[in-house]
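For reference, the chains in residue letters:
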Amino acid sequence: MSEVPSSHVFFCDRDLARSATLRRRLRDRGVRVTATSAVRVLLERTRDASPDAVVLGDLSAQVDLETLAGMLRSGRRDLPIALMEGAGQAADLNLAVPESTDALESWLDAPAAARPRPLVLCVDDDVPYLDSLARLLRRQGYRVAAFDNPEEALAAIPLKRPDLAILDVRMVGMSGFQMVEEIREVYGAALPILLLSGLDSDRSLAQGIRLGATAYLTKPCPPACVLSAVDSLTKGRAS
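Predicted model, so just to flag it, every value in this text is computed and none were measured.

Student: It is not clear to me how the packing of helix H2 (residues 39-49) against helix H3 (residues 65-72) should be interpreted in this structure. Could you clarify?
Tutor: Here H2 crosses H3 at 20°, and the two axes come no closer than 10 Å. Classified by the angle their axes make, H2 and H3 are roughly parallel. Classified by chirality, the crossing of H3 by H2 is right-handed. Touching Val 39, Leu 42, Leu 43 and Thr 46 of H2 are Leu 68, Met 71 and Leu 72, all from H3. Counted by class, the contact of H2 with H3 contains six nonpolar, one polar and no charged residues.

This is the structure we're talking about:
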């Protein structure tokens, strides 16, 4: 087996005994390994040490896994994070591995493949359309955070740290145009925004771009066009 490129792997698990063999094997291969059962210690140490990968176990009594992933990636979006089997589920984590040492070692042997794919925030109060859009993107390997409530989607942005936002224009409570204004006011131009809407007039298009949208597509839009736009807007980001 080739030498693992990652030089520092940080483990955090309520029960560190179950990863003891894996950690020993990694150390035998020259990998620096740090382990803790406390999330607080993990956050403090990873901020200072900047590990090459993080492996999470069962931390359900301390924190939500997606919340923890967002905190770990707040300063480093491409940090590889893996889940040990039995740790739970988290859509935003890029890999779930069984407890076998071979599986995790293979993951560490291929760090480029382990980097997270871009995360797309999808917001539409038409739930069937939202589900269809999420399925389309996931089938192409994108991570998706889907919301049918624009206010909840806005609140999730600092935690999810999406690479692209796809917003419907006509929504109850808050329109896509209003969401664009809110996002640009708080986060500036860093987050690309794709507007999807049944409003196909030149006036609507101009308004969306004027408010800060990066691109605008009208519904119904062929899946290939949506994917082409998403590919272009996320190119060179998380993946």
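Student: Explain the pairing of strand E3 (residues 53-56) here, please?
Tutor: A regular strand places its side chains on the two faces of the sheet in alternate fashion. Burial along E3 is two-sided: the residues Ala 53 and Val 55 and Val 54 and Leu 56 are all buried. Taken together, the four bridges between strand E1 (residues 8-12) and E3 define a ladder with parallel strand orientation. By the bridge assignment, Cys 12 is partnered in E3 with Leu 56. Bridging between E3 and strand E4 (residues 81-84) involves three bridges; their strand directions are parallel. Residue pairing across strands places Val 54 opposite Ile 81, the latter belonging to E4.

Student: For this particular structure, what's the right way to read the packing of aromatic side chains?
Tutor: All told, the structure shown has zero aromatic pairs when counted by the stated rule. Note that Lys 219 overlies the ring of Tyr 129, its terminal NZ or CZ placed 4.1 Å from the centroid.

Student: What exactly am I supposed to notice about unusual backbone geometry here?
Tutor: With an omega of -10°, the peptide bond between Lys 219 and Pro 220 qualifies as cis. One can find Pro 220 in the loop between strand E10 (215-218) and helix H10 (223-234). Within the chain, Arg 161 stands out as a residue other than glycine whose phi angle is a positive 50°. Assignment of secondary structure puts Arg 161 in the loop between helix H7 (150-160) and strand E8 (164-168).

Student: How do you make sense of the environment of Pro 150 when you look at a structure like this?
Tutor: Among the secondary structure elements, Pro 150 is positioned in helix H7. By relative accessible area, Pro 150 is classed as buried at 2%. With 28 residues separating them along the chain, Pro 150 and Gln 178 place their C-alpha atoms 9.6 Å apart. Once residues lying within four places of it in the same chain are set aside, the contact partners of Pro 150 are Val 123, Met 171, Val 172, Met 174 and Met 179.

How each quantity is defined
Residues numbered from 1 in each chain as written. Predicted model: local features only at pLDDT ≥ 70, side-chain atom pairs only at ≥ 80, totals over all residues. Heavy atoms only, no water. Axes fitted to C-alpha atoms, helices over the stretch in contact; angles between N-to-C directions. Helix = DSSP H or I, 4+ residues; strand = E, 2+ residues; numbered from the N terminus. Parallel < 35°, antiparallel > 145°, perpendicular 65-115°, else oblique. Left-handed = near helix turned anticlockwise from the far one by under 90°. Contact = heavy atoms within 4.5 Å. Nonpolar A, V, L, I, M, F, W, Y, C, P; charged D, E, K, R; others polar. Buried < 20%, exposed > 50% of the residue type's maximum accessible area, 1.4 Å probe, protein only. Pairing = 2+ DSSP bridges. Phe/Tyr/Trp six-rings, centres within 6.5 Å; stacked < 30°, edge-to-face > 60°. Lys NZ or Arg CZ within 6 Å of the ring centre and 35° of its normal.

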